[in-house]
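# Residue-level structure breakdown
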Amino acid sequence: MNALSPHDADGQSDREFFRNMYRLEHSVVAREVERNVLGHEVGLNGYTTVEQAQQICDALALSVGDRLLDLGAGRGWPGRLIAESSGCSLMSTDTPLQALKDAKEYVAGLDANVVAADGRALPFEAELFDAVSHADVFC
Ligand SMILES: C[S@@+](CC[C@H](N)C(=O)[O-])C[C@H]1O[C@@H](n2cnc3c(N)ncnc32)[C@H](O)[C@@H]1O
């Protein structure tokens, strides 16, 4: 178990925690709360806000032809926001199967792929990506 895990106290590993969390459907209520409180509906899944993701996007200054790796992508929204804003291609990675399925749907139509990958042992060759983003992810 990771020494920094916020879920050690109840004996649940981070991986179990997220696997169970993504099994819960992103409910209509959750979407409504997000829309009414925050004014958007991207499927927030952590503490990173849309404004912060946009700041990450601006700081990366990617453009068409660049490749972004979104590590711990969850249901896919931060990477999609950056890819849509910049025109870059996107590789979304995470480990829970349900998150990957949701992310695949969420980034459909973009130049994007979704791959099961642990951030501690990434299955990509060196220097494949121009940038890496990770919103609320500690590997
Ligand atoms: C708080 S969620 C944030 C998800 C997404 N980035 C967002 O902002 O909506 C943290 C994510 O990190 C993923 N994660 C944690 N450890 C990881 C690891 N070692 N490799 C890949 N993903 C990991 C979890 O599965 C989870 O989806």
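Residues numbered from 1 in each chain as written. Predicted model: local features only at pLDDT ≥ 70, side-chain atom pairs only at ≥ 80, totals over all residues. Heavy atoms only, no water.

### Let's talk about the state of the cysteines
- All told, the structure shown has zero disulfides when counted by the stated rule.
- C88 provides the cysteine sulfur closest to C57, a residue in no disulfide bond, and the two sulfurs are 7.4 Å apart.
- In this structure C88 comes out as buried when scored by relative accessible area, which is 4%. (Disulfide = S-S within 2.5 Å. Buried < 20%, exposed > 50% of the residue type's maximum accessible area, 1.4 Å probe, protein only.)

### Looking at helix α5 (residues 97-106)
- Within α5, burial applies to A99, L100 and A103. Burial along α5 is one-sided: seen end-on, the buried residues are contained in an arc of 95 degrees. Opposite its buried face, α5 presents the exposed residues L97, K104 and E105, each directed more than 90 degrees away. (Helix = DSSP H or I, 4+ residues; strand = E, 2+ residues; numbered from the N terminus. Arc of directions from axis to C-beta.)

### Observations concerning the packing of aromatic side chains
- Per the counting criterion, the structure on display carries three aromatic pairs.
- With a centroid separation of 6.3 Å and 25 degrees between ring planes, the pair formed by F18 and Y22 is classed as stacked. Taken as a pair, F18 and Y22 lie in helix α1 (residues 14-23) at a separation of four residues, close to a single helical turn.
- On the basis of relative accessible area, Y22 is assigned to the buried category, the value being 5%.
- With a centroid separation of 5.1 Å and 85 degrees between ring planes, the pair formed by F124 and F129 is classed as edge-to-face. (Phe/Tyr/Trp six-rings, centres within 6.5 Å; stacked < 30°, edge-to-face > 60°.)

Honestly, that's just the spatial picture; any functional story needs more than this.
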